[in-house]
Amino acid sequence: MTDEANKKGPERTRREFLTATTALAGAALAGLPGVAGAERKRNPKRGGTVRFGTRDDSVGLDTHRNFIYFVSQPMAGTTGGLLDFDAGMEIVPAIATEWEPSKDLTTWTFKLRRGAEFHNGESIDANAVKWNLERILDPKIGHSFNRSALTDVERVTVDDKFIVQVHLKEPSAAFDSNLVYYPINLISPGAVDKADTEPAGCGPFKFKSWKRFDICELVRFENFWETDAEGNTLPYLDGMVGRPKKEDRVRLTALRANEVDLIDNMAYADAPSFIKDHSKVYDIYPVPQVGTAMITFNLRSGPFSEKDNPDAHMLRTAAAHAIDHEGIHEAVFNKQGKIAKGFYSESSPWYGKDIKPWPAFDPDKAKALRKKAKDGDAKLLIIANDSFPYMQQSGELVHAMLKDAGFNVVFEIHPTPVIQDKYNKAAFDIDSTANSYRIDPDGWYSRNILSSAPETKRRIGYVNEKVDQLIVAARVERDKNKRRQMYADVDSLVNQDLPLLYTHYVSIIQAGSKKLKGYKPAFTGPFQYAAGGLRTAWLES
């Protein structure tokens, strides 16, 4: 598709819908003078280094080997890809200026931007793109999350110095959504030997220094390809200093103490009082759905696996009946956001209205099914990542709820490397986790629900032939309404089979100093995106 076609899009109402729902998400904050709006007059000034307090940090610097979360990991500022997204999470050009699938949807052709460079000055051409895609596809190199976006790739060919073709094993109408910089980012082939120490990507900021969970220093990439409407090169800022702080209160205190200029989120318990008392001093940025929280079960082995237990589904059903969604909504999320019945919330154009619900909260039924099921007294391990408090708090609450139903459960909180190791070894029974918003549903269902997906195999091990058929059919369906219904049908089956239990839509509230001008996160929270975020922000002295 050309730049112009991409701007208009086949569904012209989607951008309007996203704009409206973003406004609705901030309705609870109406009347507060500190709430940031896109209508604020902009008079950009180049310069300044923004200090960004975040919840999380990457494990390492090689952005192919490591998961780089585009909402709360500073290193995401260095990343760029073939495609980008705008404030409404619509796919827009980046290194690729035009792209088009073949009629049978098995070959995608990308025309590249001439003159684009990596941070080390190396030109970005078709051979460099081919090398990047093949490196990510290498199971010895590519992180499973990144690699899962390219599962359908059969081969990559170069037809011209600035034309690359991606040939798929199966047709896909949604493949382009997999090639935005999250997760398919491009790095310099010539600097690969330093990818773990001095990474050279192609995003708006380039790497300077990093000490995990202490500081990440980035500086403006002077030769970044993007310009503003007047032709000025982006970003405006001189740089960004990431200050990862896991604890919500520490992050919020840092903002109030002028130690940081921007924070990616505040605790649900702190948000109402902060908005009430400090909205005249700070700008508030509501994000309606950064992701979806859930409880996943280990179906690969153990009491919840049909392979090891003939009553595994009964036991998962018992656990589902023991979990009080309203309790999680109140105790963990402080009644902010909404209870999840599927992957997409009402704020999203992919929201499915006709999803059959998961088992309702019924402690008595939970106890009865647990007693009846084989391995109902087995010792179960619940895990949660230490990077996100709501995962820990949901895990703690689920632990208490299951204990009340008679389950023999223990709860452990671990850092990301340990969590990943437990996934690889199937060394857990229940995981209190979440997944970030997906621009296109295929990015969630094909990577995490489809039985053949590497991430599905690695984490939950779910297999349902009907679900697989729906996901595969939705990939090649061009009618959005039909696709939406297919995904609603998938979630209905997921709620019945219970490989996972959707619990809550994750909304966040970012906040920043009023010295930070021209900033607004994307619809689902990313801090850098086409024509916005920290690319178009500047600091007033």
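Throughout this description, residue numbers start from 1 for each chain and increase along the sequence as written. Per-residue local features are limited, in this predicted model, to residues with pLDDT of at least 70; the limit for side-chain atom pairs, both in listing and counting, is 80 or more; totals at the level of whole chains, interfaces and linings are taken over all residues. Note that the side-chain values use all heavy atoms of the structure and ignore hydrogens as well as water.

Visitor: Is there a simple way to explain the packing of aromatic side chains in this structure?
Guide: Two numbers describe a pair of aromatic rings. These are the distance of the centres and the angle of the planes. Only Phe, Tyr and Trp rings take part, Trp by its six-membered ring, and two of them pair if their centres are within 6.5 Å. Stacked means planes under 30 degrees apart, edge-to-face means over 60, and tilted covers everything else. For the coordinates displayed, the defined rule picks out 31 aromatic pairs. Summarising the aromatic geometry, the rings of Phe145 and Tyr182 are spaced 5.4 Å apart at their centres and angled 45° between planes, so their arrangement reads as tilted. Placement of Phe145 in helix H4 (residues 144-148) and of Tyr182 in the loop between strand E7 (163-168) and strand E8 (205-211) is noted, with a sequence separation of 37 residues between them. The exposure classification of Phe145 matches that of Tyr182, with both residues buried. Considering the side-chain rings of Phe224 and Trp225, the 5.2 Å spacing of their centres and the 45° angle between planes classify their relative orientation as tilted. Helix numbers and strand numbers start at the N terminus; a helix is a DSSP run of H or I with at least 4 residues, a strand a run of E with at least 2. Relative accessibility decides the category of a residue: with a 1.4 Å probe and only protein chains considered, values under 20% of the type maximum give buried, values over 50% give exposed, and everything between is partly exposed.

Visitor: Would you explain the environment of Ile339 in this entry?
Guide: By secondary structure assignment, the location of Ile339 is in the loop between helix H8 (325-331) and helix H9 (363-372). Setting aside its immediate chain neighbours within four residues, Ile339 contacts His325, Glu326, His329, Trp358, Thr503, His504 and Tyr505. We call two residues in contact whenever any of their non-hydrogen atoms come within 4.5 Å of each other.

Visitor: Help me understand the sheet that holds strand E15 (residues 430-436), please; the structure alone is not making it clear to me.
Guide: A strand pair is defined by DSSP finding two or more bridges across the two strands. Taken together, 10 strands build an open sheet; the order of strands is E8-E9-E10-E1-E11-E16-E12-E15-E13-E14 and the sheet is mixed. Strands at the two margins of the open sheet, each flanked by one partner only, are E8 and strand E14 (408-414). Axes, fitted as lines to C-alpha atoms, cover a helix only where it is in contact. Angles between the N-to-C directions of the axes lie from 0 to 180 degrees. Sheet contacts for helix H11 (residues 416-425): strand E13 (379-385), E14 and E15; angle to E13, the most-contacted strand, approximately 140°.

Visitor: Got a minute to help me understand the packing of helix H7 (residues 312-322) against H9 in this structure?
Guide: Each pair of packed helices can be summarised by the angle the axes make with each other and by the distance between the axes. Contact geometry of H7 with H9 gives a least axis separation of 8 Å together with a crossing angle of 155°. On the basis of their axis angle, the class for H7 and H9 is roughly antiparallel. H7 and H9 meet at a crossing whose hand is left-handed. Here Met314, Leu315, Thr317, Ala318, His321 and Ala322 of H7 come into contact with H9, specifically with Pro363, Lys365, Ala366, Leu369, Arg370 and Lys372. Note on angle classes: values under 35 degrees are labelled roughly parallel, values over 145 roughly antiparallel, values of 65 to 115 roughly perpendicular, and the remainder oblique. Note: crossing handedness is left-handed where the near helix turns anticlockwise from the far helix by less than a right angle, and right-handed where it turns clockwise.

Visitor: Help me understand helix H10 (residues 389-404) in this model?
Guide: Three or four residues apart is the spacing at which side chains of an α-helix point the same way, because the helix has 3.6 residues per turn. Here H10 is 16 residues long and its end C-alpha atoms lie 23 Å apart, about the 22 Å a rise of 1.5 Å per residue gives. Residues of H10 that are buried include every one of Pro389, Tyr390, Met391, Gln392, Ser394, Gly395, Val398, His399, Met401 and Leu402, and no others. Immediately downstream of H10, the backbone of Gly406 shows phi near 95°, a positive value. The length a helix should cover is 1.5 Å for every residue beyond the first.

Visitor: What exactly am I supposed to notice about the sheet that holds E7 here?
Guide: Within the open sheet, the 4 strands sit side by side as E4-E5-E7-E6. Their pairing is antiparallel. Two strands lie at the open edges of the sheet, namely strand E4 (96-101) and strand E6 (153-160), each paired on one side alone. Along the sheet, successive strands turn relative to each other by an average axial angle of 20°, direction set aside. In the packing of helix H3 (residues 126-137) onto the sheet, the strands contacted are strand E5 (107-112), E6 and E7, and the crossing angle to E6 comes to about 170°.

Visitor: Whenever I open this one, the pairing of E7 confuses me. Can you help?
Guide: The two faces of a sheet get side chains in turn, since along a regular strand they alternate between them. Counting buried positions along E7 gives 5 out of 6 residues, so the element sits mostly inside the fold. Sheet analysis places E5 next to E7, joined by 5 bridges and oriented antiparallel. Within E7, the residue paired with Thr107 across the bridge is His167. Here 6 bridges tie E6 to E7, and the two strands are oriented antiparallel to one another. The residue bridging Val153 from the neighbouring strand is Leu168, located in E7. The hairpin formed by E6 and E7 contains 2 residues between the paired strands.

Visitor: Help me understand the nonpolar core in this model?
Guide: Within soluble globular proteins, side chains that are nonpolar tend to cluster in buried spots. Ranked by internal contacts, the top residues of the largest apolar core, which has 129 residues, are Phe110, Leu112, Tyr390, Tyr445, Ile449, Tyr502 and Leu534. Among the elements that line this core, the one with the most residues is strand E12 (residues 282-297), at 7 residues. If sequence neighbours within four positions are ignored, Phe110 has contacts with Leu82, Leu83, Ala96, Glu98, Trp99, Phe162, Ile163, Val164, Val166, Phe175 and Leu179. The set of buried Ala, Val, Leu, Ile, Met, Phe, Trp, Tyr and Cys residues whose side-chain atoms join them within 4.5 Å is what this entry labels a nonpolar core. Grouped together as the second largest cluster of nonpolar side chains are 13 residues, Leu252, Val260, Ala271 and Ile509 included.

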